[in-house]
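Now for the letters of each chain:
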Amino acid sequence: MLNVLKYIFKLFELSNNTLIIRELKEFSQEYKNKTLDIQYYRELSINSNYRIKNDYYLKDKLINVSNLGNEYLDIIETGYNYGKYIVPLVSIMT
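What this report covers is the structure whose coordinates are included nearby. Bear in mind that the values here come from a model prediction, so they are computed numbers and not experimental data.

Conventions used here
Residues numbered from 1 in each chain as written. Predicted model: local features only at pLDDT ≥ 70, side-chain atom pairs only at ≥ 80, totals over all residues. Heavy atoms only, no water. Helix = DSSP H or I, 4+ residues; strand = E, 2+ residues; numbered from the N terminus. Buried < 20%, exposed > 50% of the residue type's maximum accessible area, 1.4 Å probe, protein only. Contact = heavy atoms within 4.5 Å. Areas by Shrake-Rupley, 256 points an atom, 1.4 Å probe, with all protein chains shown as cover. Expected span 1.5 Å × (residues − 1). Arc of directions from axis to C-beta. Axes fitted to C-alpha atoms, helices over the stretch in contact; angles between N-to-C directions. Parallel < 35°, antiparallel > 145°, perpendicular 65-115°, else oblique. Left-handed = near helix turned anticlockwise from the far one by under 90°.

A look at the overall build of the protein chain
Each helix and strand in the protein chain was counted, giving three helices and three strands. Across the protein chain, helices and strands are ordered from the amino to the carboxyl terminus as α-α-β-β-β-α. By residue count, 30% of the 94 residues in the protein chain fall in the buried class. In the protein chain, of all internal contacts separated by at least 6 residues, the share reaching a separation of at least 24 is 57%. Surface accessibility of the protein chain: about 6400 Å² in total, with carbon and sulfur atoms responsible for 52%.

Given below as structure tokens:
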């Protein structure tokens, strides 16, 4: 995730808005569709963990895990990074 942010900020310096918007939208779509490597879904927070989706047995408890493989993409929660980083970047550029 940090590599993507670094790349996008580099584009801010060197490229035109059309390319930046296209790259951001493409990354945003890949992120939402969970087609990226699982490492992109580690939360950029103080704990830097993966968050597992809640099921009805867990109620409001959060489960954070430090290591997961790509086979767990379907059960990880992606809203934190998406809401805190991706959406604001897309909003700035569009």
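As for helix α1 (residues 2-14)
The end-to-end C-alpha distance of α1 is 18 Å, a good match for the 18 Å that 13 residues give at a rise of 1.5 Å each. The set of residues buried in α1 consists of V4, L5, I8 and L11. The arc that holds the buried residues of α1, viewed along the axis, is 115°, so those residues lie on one side. Opposite the buried face of α1, at more than 90 degrees from it, the exposed residues are L2, N3, K6, E13 and L14. Where α1 is buried, its residues meet α2 (17-32) and α3 (79-93).

With respect to the packing of α1 against α2
One way to put it is that α1 packs onto α2 with a least axis distance of 9 Å and a crossing angle of 165°. Accordingly, the angle class assigned to the pair α1 and α2 is roughly antiparallel. Note on packing geometry: the crossing formed by α1 with α2 is left-handed. From α1, V4, Y7, I8, L11 and F12 reach across to α2, where they touch L19, I20, E23, L24 and F27.

Interpretation note: all reported values are geometric properties and have no functional meaning in isolation.
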